[in-house]
Structures are given as structure tokens and as C-alpha cells.
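So you can see what is in the structure, the chains are spelled out below.
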Amino acid sequence: QVQLVESGGGLVQPGGSLRLSCAASGSIFSVYAMGWYRQAPGKERDLVATMPNRGDTKYADSVKGRFTISRDNAKNTVYLQMNSLKPEDTAVYYCNLITGSDSYQHYYWGQGTQVTVSS
């Protein structure tokens, strides 16, 4: 069993900052990538940022220059530092873990944490 535990969401004013954390635990044989997605009401779940073990970190165009993803590989933990937050960043943010390899991948999801940007 694999579990992802998220924290750090909340209410913040426009221009403010939040830091999200997600720790993965359980029967994790190998980590392929860890990242973050978000979903606003009535919209699809979109990639925010992902950090693979091999290759370049990827960011959604809408968050480039404002958000930074980082990982503590020893703890299987991923973070998302969110700066200069905008109302359009309001969404439920989901931690994502991908295990396996190039030929075998399994996706796991956290329960989601609400981020609300409002004055």
C-alpha cells in the first residue's frame, strides 16, 4: 500500500506565498517522478510541476517563474513553493507519485489540499 500525505494548503492574499509538502510512504519499490497537479471547479486536473529522477523538471506555463518544485529523495517527499500567488491559482492541489521505469509506470495520488487566493 502506498500513501501520500499532503500539507500546507490554506487561504492566502494575492501576492502571498504558500509551501506545500507531500510525503510518500508504503511499498515503494522505485520512484520515477514526483509532482503536483491542480484542479479548479469545473475544470480538468492539470499538471503544475513534475520532477523526474532523470530528465528536466517541467512547469506549467502559468506558474513558471513563480512556483518551484523540489524533492527530498531520501524521504520520498516533494515540495511546492508558491510565490506571487494569483486568484487564478485557486484550486485543489494534488500530490502525484509515479513509480516504476520507462516501460512500467504506476500513478498514485494524494487526497488533495485546498489553496485559495483571495483578499
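This section reports on the structure supplied with the text. In this text the structure is predicted, and so the values were computed from the model without any measurement.

Where charged atoms of side chains with opposite charge meet at close range, the side chains can pair. Applying the stated rule across the entire model yields three salt bridges. The salt bridge partner of aspartate 89 is arginine 38, with a shortest N-O separation of 3.0 Å. With aspartate 89 in the loop between β8 (77-82) and β9 (91-100) and arginine 38 in strand β4 (residues 31-39), this residue pair connects regions lying 51 residues apart in the sequence. Both residues of the pair, aspartate 89 and arginine 38, belong to the buried class. We note a salt bridge from arginine 66 to aspartate 89, for which the minimum N-O separation is 2.8 Å. On the criterion of sequence distance, the pair formed by arginine 66 in the loop between β6 (58-59) and β7 (67-72) and aspartate 89 in the loop between β8 and β9 is long-range, its members being 23 residues apart. You can call arginine 66 buried: its relative accessible area is 11%. According to the relative accessible area criterion, aspartate 89 is buried, its value standing at 1%. The network of salt bridges with common partners includes Arg38, Arg66 and Asp89.

The phi dihedral of asparagine 76 is positive, around 50°, even though this residue is not glycine. Relative to the elements of secondary structure, asparagine 76 occurs in the loop between β7 and β8. Unusually for a residue other than glycine, serine 84 sits at a positive phi of about 50°. In this fold, serine 84 is placed in the loop between β8 and β9.

It is worth spelling out the nonpolar core at this point. Trp36, Val48, Phe67, Leu80, Met82, Tyr93 and Leu97 are the most contacted members of the largest nonpolar core, which has 28 residues in total. Those elements that place two or more of their residues in this core are β1 (2-7), β3 (18-26), β4, β5 (46-52), β7, β8, β9 and β11 (113-117).

This part takes up the packing of aromatic side chains. As enumerated under the stated definition, the model contains one aromatic pair in all. In this structure, arginine 45 packs its charged tip against the face of tyrosine 94, placed 3.6 Å from the ring centre. It is arginine 45 that lies over the ring of tryptophan 109; its NZ or CZ is 4.8 Å from the centre.

About the cut-offs
- Residues numbered from 1 in each chain as written.
- Predicted model: local features only at pLDDT ≥ 70, side-chain atom pairs only at ≥ 80, totals over all residues.
- Heavy atoms only, no water.
- Salt bridge = Lys/Arg side-chain N within 4 Å of Asp/Glu carboxyl O.
- Helix = DSSP H or I, 4+ residues; strand = E, 2+ residues; numbered from the N terminus.
- Buried < 20%, exposed > 50% of the residue type's maximum accessible area, 1.4 Å probe, protein only.
- Core = buried A, V, L, I, M, F, W, Y, C linked by side-chain atoms within 4.5 Å.
- Phe/Tyr/Trp six-rings, centres within 6.5 Å; stacked < 30°, edge-to-face > 60°.
- Lys NZ or Arg CZ within 6 Å of the ring centre and 35° of its normal.

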